[in-house]
Amino acid sequence: MGETGLRKRGADPRSTHGKEPKTTNLQKEVGLISGICVIVGTIIGSGIFISPKSVLSNAEIVGPSLLIWAACGILSTLGALCFAELGTMITKSGGEHPYLMEAFGPIPAYLFSWTSLTVMKPSSFAIICLSFSEYVCAPFYSGCKPPEVAVKCLAAAAILVIMIVNALSVRLGSYVQNVFTAAKLVIVAIIIIAGLVLLAQGNTKNFENSFEGTQVSVGAISLAFYNGLWAYDGWNQLNYITEELRNPFRNLPLAIVIGIPLVTVCYILINVSYFTVMTPTELLQSQAVAMTFGDRVLYPASWVVPLFVAFSTIGAANGTCFTTGRLVYVAAREGHMLQVLSYISVRRLTPAPAIIFCGIMATIYVIPGDINSLVNYFSFAAWLFYGLTTAGLIVMRVTRKDLERPIKVPIIIPILVTVISVVLVVAPIISQPAWEYLYCAIFILSGLIFYFIFVHYKFGWAQKISKPVTMYLQMLMEVVPPEKDPE
């Protein structure tokens, strides 16, 4: 089926976008408010309702636990400032992919997209949807753990709904994000206000001698950081949709400066609220920390907690799908994935094939369903590439002096983020070696096999397989390669 014929159908006045003379490309639909909602809405998901247990189990006592939450927020802010410089210097969607491509060439960029799209992003999407499912199922199985089958089926259903919403419309996906961000700020405000009231009433027992007996190893601190930083994951999400951001030179850094400090303050206050009603031991024994808090403080209205936590997690899942689809799209546009994944829906002007791919991969990750092992696996690989990307910023200060930099952070910031990233990657391996780290490294490097077969050498037999698949999917989904905007 010819691309011209499909494009003409897109111009039909009966089609969704036929009344507007738009190119078949991603449109600039995301403003400042929506940008802040993408950051806040993606960061505040399931992490703050799960990770307090994991952070505390590694930090052991209250004082270091709260310090780690604050330090994670500061590190996320510093990393986001580095990404603000990169995003305004290289105004392409796809997050780290275009930055690694510009700094180090195609191989690191390919390994990032290979690891992200087969492990990091779909596992993160799956983790959030599993958390959503656990909180929704919990009220129906009071006093016992919900059946795994019910949890996994509901998580898969959530992935399907989110995938459909984002494939239908960029604007609809953005509206959904804004609504769920507002909803999650309601539950955050409820927990914080209730905690502050209890604190004012003298519930400070758990904060007395909060640093006494601190004996934490470097490896334990690194694992605590992993779990804390997973709750902050999403600080770089706006860089994945730079091409759809209105006035990115202004809105990208502004959304970062407003969004991440807001999340940091909320996270610290939420943890303080938890400790006003739970001892460290009780918090570690809780199946769902936020629900335990609600049962003790908000009863008989404790049902609002699982309801709004479900809103929070589904909003984060929507943001993850929204941004991950753009990474798939950019990687395919650069020839690093199947070509059809870079195509745009003629009628909807969304990267529908890329979004569907994200949904399928996330559904596969729902099957094992072990959240803690997925978090460790995800964090190890994520900070490896965060460090490589900030190192790329340092390299480009020397190799690409010609690039315009509307924002230029002090050089000490990318150096500090790079060093911390190296520590986060290396410390757990040295102090608590585990096979999963070796498997992760082998898996990342195994991407080189696919790179040389499908990207570098482009063997004829691989092209013979991919070409008919691309043509069939193009006709099935009514998608075409993206056009360049007219000058």
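Residues numbered from 1 in each chain as written. Predicted model: local features only at pLDDT ≥ 70, side-chain atom pairs only at ≥ 80, totals over all residues. Heavy atoms only, no water.

Trainee: Any chance you could explain the overall build of the protein here in plain terms?
Mentor: When helices and strands are tallied, the protein shows 18 helices and two strands. Residue burial in the protein is summarised as follows: out of 487 residues, 57% are buried. Expressed as a percentage of contacts within the protein between residues at least 6 apart in sequence, the contacts between residues at least 24 apart total 82%. Of the roughly 20,200 Å² of accessible surface on the protein, 67% is carried by carbon and sulfur atoms. (Helix = DSSP H or I, 4+ residues; strand = E, 2+ residues; numbered from the N terminus. Buried < 20%, exposed > 50% of the residue type's maximum accessible area, 1.4 Å probe, protein only. Contact = heavy atoms within 4.5 Å. Areas by Shrake-Rupley, 256 points an atom, 1.4 Å probe, with all protein chains shown as cover.)

Trainee: For this particular structure, what's the right way to read the packing of aromatic side chains?
Mentor: Any pair of aromatic rings gets described here by the distance separating the centres and the angle formed by the planes. Summed over the entire model, instances satisfying the criterion amount to 20 aromatic pairs. Ring geometry for Phe-83 versus Tyr-99: centroids 6.1 Å apart, planes at 80 degrees, classification edge-to-face. With Phe-83 in helix 4 (residues 62–89) and Tyr-99 in helix 5 (residues 96–104), this residue pair connects regions lying 16 residues apart in the sequence. Judged by its relative accessible area of 0%, Phe-83 falls in the buried class. Tyr-99 gets classed as buried once you look at its relative accessible area, which sits at 1%. Each residue in the set Phe-83, Tyr-99, Trp-235, Trp-383 and Tyr-386 is aromatic and connected to the rest through ring pairs, giving one cluster. Note that Arg-326 overlies the ring of Phe-322, its terminal NZ or CZ placed 4.3 Å from the centroid. (Phe/Tyr/Trp six-rings, centres within 6.5 Å; stacked < 30°, edge-to-face > 60°. Lys NZ or Arg CZ within 6 Å of the ring centre and 35° of its normal.)

Trainee: Hey, could you run me through unusual backbone geometry in this one?
Mentor: The phi torsion of most residues other than glycine is negative, and most of the peptide bonds are trans. Residue Pro-300 follows Tyr-299 across a cis peptide bond; omega there is 10 degrees. Within the element layout of this structure, Pro-300 appears in the loop between helix 12 (289–297) and helix 13 (304–333). Phi at Leu-349 takes a positive value of approximately 55 degrees, unusual for a residue other than glycine. Note that Leu-349 resides in the loop between strand 1 (344–345) and helix 14 (352–366).

Trainee: Please clarify how empty space enclosed by the protein should be interpreted in this entry.
Mentor: The gaps of empty space that remain are located by a probe, the size of a water molecule, rolled over the atoms. Counting across every chain of the model gives five cavities of 30 Å³ or more. Its volume calculated, the largest cavity comes out at about 140 Å³. Considering the residues around the largest cavity, the lining is formed by 14 residues, among which Thr-42, Ser-124, Ile-128, Asp-233 and Thr-320 are closest to the centre. Looking at the lining of the largest cavity, the elements that each hand over two or more residues are helix 2 (32–43), helix 6 (106–137), helix 9 (218–232) and helix 13. Here the lining of the largest cavity gets three residues from one element, more than from any other, and that element is helix 6. (1 Å grid on protein atoms, 1.4 Å probe; cavity = no way out; pocket = protein on both sides within 12 Å on 5 of 7 lines; lining within 4 Å. Points joined across faces, edges and corners; volume = space filled by probe spheres on them.)

Trainee: What is the right way to read the layout of surface pockets from this model?
Mentor: Taken as a whole, the second largest pocket spans an internal volume of roughly 850 Å³. In terms of lining residues, the second largest pocket is bounded by 31 residues, among which Met-337, Leu-338, Gln-339, Phe-454 and Ser-466 are the most central. Among the secondary structure elements, those contributing two or more residues to the lining of the second largest pocket are helix 6, helix 13, helix 14, helix 17 (435–456) and helix 18 (460–477). Element by element, the count of residues in the lining of the second largest pocket is highest for helix 18, at nine residues. Grouping the constituent residues of the lining of the second largest pocket by class yields 17 nonpolar, 10 polar and four charged. (Nonpolar A, V, L, I, M, F, W, Y, C, P; charged D, E, K, R; others polar.)

Trainee: Could you clarify how one ought to interpret the nonpolar core in this entry?
Mentor: For soluble globular proteins, the rule of thumb is that nonpolar side chains tend to be buried together. Ranked by size, the top nonpolar core spans 118 residues in total, and within it Ile-43, Phe-49, Trp-235, Leu-238, Tyr-267, Tyr-274 and Trp-383 carry the most contacts. Broken down by element, the residue count for this core peaks at 13 residues, all from helix 4. Those residues in contact with Ile-43 that lie beyond four places of it in its chain are Ala-231, Tyr-232, Asp-233, Gly-234, Trp-235, Ile-260, Val-263 and Tyr-267. Of all hydrophobic cores here, the second largest spans 26 residues; its members include Phe-125, Ala-158, Ala-317 and Ala-362. (Core = buried A, V, L, I, M, F, W, Y, C linked by side-chain atoms within 4.5 Å.)

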